[in-house]
Each structure stands twice: as structure tokens, then as C-alpha cells.
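One-letter residues, chain by chain:
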Amino acid sequence: MAQIDTRGMSCPQPVLMTKKALEVNSTEITVLVDSKTAKSNVERYLNLTGYTVNTVELDGDANTFEISAKK
Amino acid sequence: MESKKGIIFTGAVIGILAVILVRFGNPVNMGICIACFIRDTTGALGLHRADVVQYIRPEIIGIVLGAFLMAFAKKEFDVRGGSSPFIRFILGFVVMIGALMFLGCPLRMVLRLGGGDLNALFGLAGFAAGIIVGIIFLKSGFSLKRTYKLSKLEGYLFPMFNVVLLILLLTAPAFIFFSKKGPGSLHAPIWIALAVGLIVGVLVQRTRLCMVGGIRDAILFKDTYLILGFISIIVFASLGNLYFGFYKLGFTGQSIAHVDGLWNFLGMALAGWGSVLLGGCPLRQLILAAEGNVDSVITILGMSAGAAFAHNFSLAASAQGPSPNGKIAVLIGFVLLLIIAYFNQEKDVKASVQGGVKIGAN
């Protein structure tokens, strides 16, 4: 499973990093994001490309999320 | 709000409110123009002395304060910075040079299309071309690196600066310059312009509307979310302009525009490429700055410096067309973008993700 950390990256880098990681391993991925914009962009991309998405908010910071997706 | 309906609604509101600002006194097809309004505000502060484009534009103040209040209420106000600040300053500068060659930021380009100004078609073609060039660099690993958490005060300063601008606008002290003629003298009443800015700031903060993001995401990810807002502005600005009688289809005699297709194309290509490298159009930079992104504050200062240079050294185009200095500046801008885009490419992440190892961690 690919795990990527997009925290601190500006638009559209989180989605682009997700896309590139999926080109290598397309079954399962975990993406760390630290803004709601990046969260919804990555979720939207994963939904568009047919993944089942599950997002959890990481405690301690209202804007950090871990997005898990599976085909 | 982050639904297709939400972004279409936001585009519709912006398209119509922009026309209403024209009805109340703003220049035609310039209900809202982020580049022009930053330029006017820069001039009002005396940083350039082009006496036809000096006015503290309340729309900008409203957008910043609206986005700030919304981000704060939604707990999205998050103070960060440190992602290649000086490069962002230069990119902001270059985007402004491109915008002042075309005579408008990407948002005004869309509003010009909605007013029937066909010169903006050359701008749109250039904008798309610039975005495609930017995407090529994004795909080959272009990055301005990560941001880091900063102190709260750092993030509050930009909204506070906008409150100071509002006070200067209302009190109009003698050291602030206000145009007596030209585009800078054409403006809607302060409270109407401020209210429109607040509404736009709130809606764009919620929907993340971005002019450059629309075309970029459609090409890069086949994601049409943002481009729906872009199209919605054109449709509803057209309807608004037809309703109020401002609509004028054609190339010649357009408000604050020139008919040089090549330089309209190149100006917007420069603005589009620069905006992709920045991660968002000038409107989006304002919203991000209001949300506590200090890199975007630096970008806006770069735009402001670009505007000052543009008018101090006759780089900005006028209704008569581009200036010789402006053409040279745009070409230098392309060289700068090429250098920045080339030297900020990171090693392809593909190499580091093999075998399921973590990437992007540092």
C-alpha cells in the first residue's frame, strides 16, 4: 500500500502526488492532508477515479486528515 | 457549498454582482478585476504615479475580510508560510505584468467575455496555452516545497492591513491619491462595492473558486468542478450585461481593452503559466492570504510591486495597445518563468514510491 504525505503542499500538488502514487500501486492508498481544500480535492479525485474513500480526522488538529482509499 | 450547484451558484452571483457594480459606476467589464484593483490601490498609496489608476478599491478589502471571517468561523484559518516566498513574490510580479499587458486578471478576462469583448478570446487562448505549459512542468515534478506553521499574528496582519486600507479610504487623507479622471475615477459607492466584495469573499472561500484551477483540473484530472464556476460567470455576466444594456459584441471600441491579438494572447499566457506555478489565480491568492497563507500575502505584494513597476516604467498596455517596454517586460517574464519552472523540479515521485514505501515524508 502506498502512503503519501501531502501536508504543507499547495494546490494541486496533493492530488497530483496521489495520482502519481496510484500509477505505481493502484489498489490501495493512504493520503495525509492538512487543509480542507486538499481534503476535498483528493477525495473528489479518488471518487472520480472509482475508489471507496474513508477519511478520518487526526486528533489535535482540526485541519489534518488521513484519507484511505481502496478499489 | 462544495457541490456542483454551489460553484455554479457562486459563478452566477459573481457574474451578476460584477455587472451591478458597473451599473453603479465601475468601468465597463470591470465590476471586479483583482489585478486592476490591486494596481489601483497600489497607486492610491503613491507607489506609482499614473494619475488615472489610483483608488483604494473596496472590493479587494471586502473579498479579504469576507474570506477571513468565513475561514475563521469554519475553523479553516490556518497560518502557514515558507514555501519559496521570494519565488512566489517574483511569480506574483510576473503575473501582474502579464495581466497589465492584457488589461485584466483572469477574472476580468471572463467578465470581458461576458460583456461581448472578443479580444478576450485571444486572452482565453493564451491563458489556456499558459496553463498547459504550466501543467507540463507540474507533471515533471515542479514544486515550490512545503509550507510550515507560523505564529497567529503573522496571519492576522493581512486582514488588519485591509482594515487600515478601509480607514484610509473612508477618511481620505491628503497623502492618499484618488484619480480625478480615467478608470480610477470610475467606481461604485464605497458601501456597495464593499458589500459585493464581502459576498464574493465568503462564497469563493467556501467553494474554492479559481480561474486557473478550472482549466488546470479539467486537463490534469478530468475534474470539471472548478471550470463550472468559470463558465457560470461568463453565462451570468452575459445575461446581466444584456439586461442592463452593457453588452457589446465585437473587437473595437471595447472598454479598457486593446485590439492587439498577439499581445492579448501573450499577456494572458504569461499570467496563466505564472498562476499555475503559484497554484491559483489572483482571486484565489487573495482568499488564501485571508485564510492565513502568508505565501499568498507575499504573492500579492509581488503583484503590487509588479503593478508599481508597470506604471513607473510604462510597461502596462493601454486602450491604444501594448507599449514597447511592456513587450520587452512580457518576454523577460517568460524567461523568468522558464528559469523558475525548470529549477524547481523535484525528482519524479514515481521512483520513490516503488515497493510501497512512504513518499513525501520529511
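As a reminder, the structure under discussion sits directly above these lines.
Residues numbered from 1 in each chain as written. Chains lettered and ligands numbered in written order. Predicted model: local features only at pLDDT ≥ 70, side-chain atom pairs only at ≥ 80, totals over all residues. Heavy atoms only, no water.

Re the sheet that holds strand 4 (residues 65-70) of chain A
All names here are of chain A. Which entries qualify depends on this criterion: A strand pair is defined by DSSP finding two or more bridges across the two strands. A helix here means a DSSP run of H or I that spans at least four residues, while a strand means a run of E at least two residues long, and both kinds are numbered starting from the N terminus. Between N-to-C directions, angles cover 0 to 180 degrees, with each direction set by a line fitted to C-alpha atoms, over the stretch in contact for helices. By definition, residues are in contact when any of their heavy atoms lie within 4.5 Å.
Pairing is mixed in the open sheet, where four strands are placed in the order 1-2-4-3. Across the chains shown, the open sheet's two edge strands, defined by having one partner strand only, are strand 1 (2-5) and strand 3 (52-57). Along the sheet, successive strands turn relative to each other by an average axial angle of 15°, direction set aside. Examined bridge by bridge, strand 1 and strand 2 (residues 28-33) share four bridges and lie parallel to one another. Pairing of Ile-4 across the sheet is with Val-31, part of strand 2. Along the sheet, helix 1 (residues 13-24) contacts strand 1 and strand 2; its crossing angle with strand 1, the most-contacted strand, is approximately 160°. Against the sheet, helix 2 (residues 36-48) contacts strand 2, strand 3 and strand 4, and its axis sits at roughly 0° relative to strand 4.

Digging into the environment of Leu-168 of chain B
All names here are of chain B. Worth spelling out the cut-off: Each residue gets one of three labels from its accessible area relative to the maximum for its type: buried under 20%, exposed over 50%, partly exposed in between, using a 1.4 Å probe on protein chains only.
Counting through the fold element by element, Leu-168 comes out in helix 7 (residues 152-171). With relative accessibility at 17%, the residue Leu-168 sits in the buried group. Considered as a pair, Leu-168 and Leu-336 are 168 residues apart in the sequence and their alpha carbons are 35 Å apart. The contact partners of Leu-168, leaving out residues within four places of it in the chain, are Leu-45, Ile-56, Pro-173, Phe-175 and Ile-176.

Brief notes about the side chain of Gln-13 of chain A
Counting through the fold element by element, Gln-13 of chain A comes out in helix 1. Taking relative accessible area as the criterion, Gln-13 of chain A reaches 9% and is therefore assigned buried.

Side note on the interface of chain A and chain B
Inclusion rule: A simple way to read buried area is as the amount of 1.4 Å-probe accessible surface that goes missing from two parts once joined, with both sides added. Put simply, a salt bridge is a Lys or Arg side-chain nitrogen that is within 4 Å of an Asp or Glu carboxyl oxygen. A 3.5 Å cut-off defines polar contacts: any pair of N or O atoms within that distance qualifies, except that in protein one atom must be a possible hydrogen donor and the other a possible acceptor, and neighbouring residues in sequence count only when both atoms are side-chain atoms. Just so you know the grouping, Ala, Val, Leu, Ile, Met, Phe, Trp, Tyr, Cys and Pro go in nonpolar, Asp, Glu, Lys and Arg go in charged, and all remaining residues, Gly too, go in polar.
Taken together, the 30 residues of chain A in the interface contact 37 residues of chain B. With both sides pooled, the region where chain A packs onto chain B buries about 2,800 Å², and carbon together with sulfur makes up 52% of that total. Inspection of the chain A/chain B interface yields three salt bridges. Residue Asp-5 of chain A pairs with Arg-146 of chain B through a salt bridge whose shortest N-O separation is 3.9 Å. Taken together, chain A and chain B are joined by eleven residue pairs in polar contact (both at pLDDT 80 or more). Mapped onto the side of chain A that touches chain B, the elements with two or more residues apiece are strand 1, helix 1 and helix 2 of chain A. Per-class residue counts for the side of chain A that touches chain B are 13 nonpolar, eight polar and nine charged.

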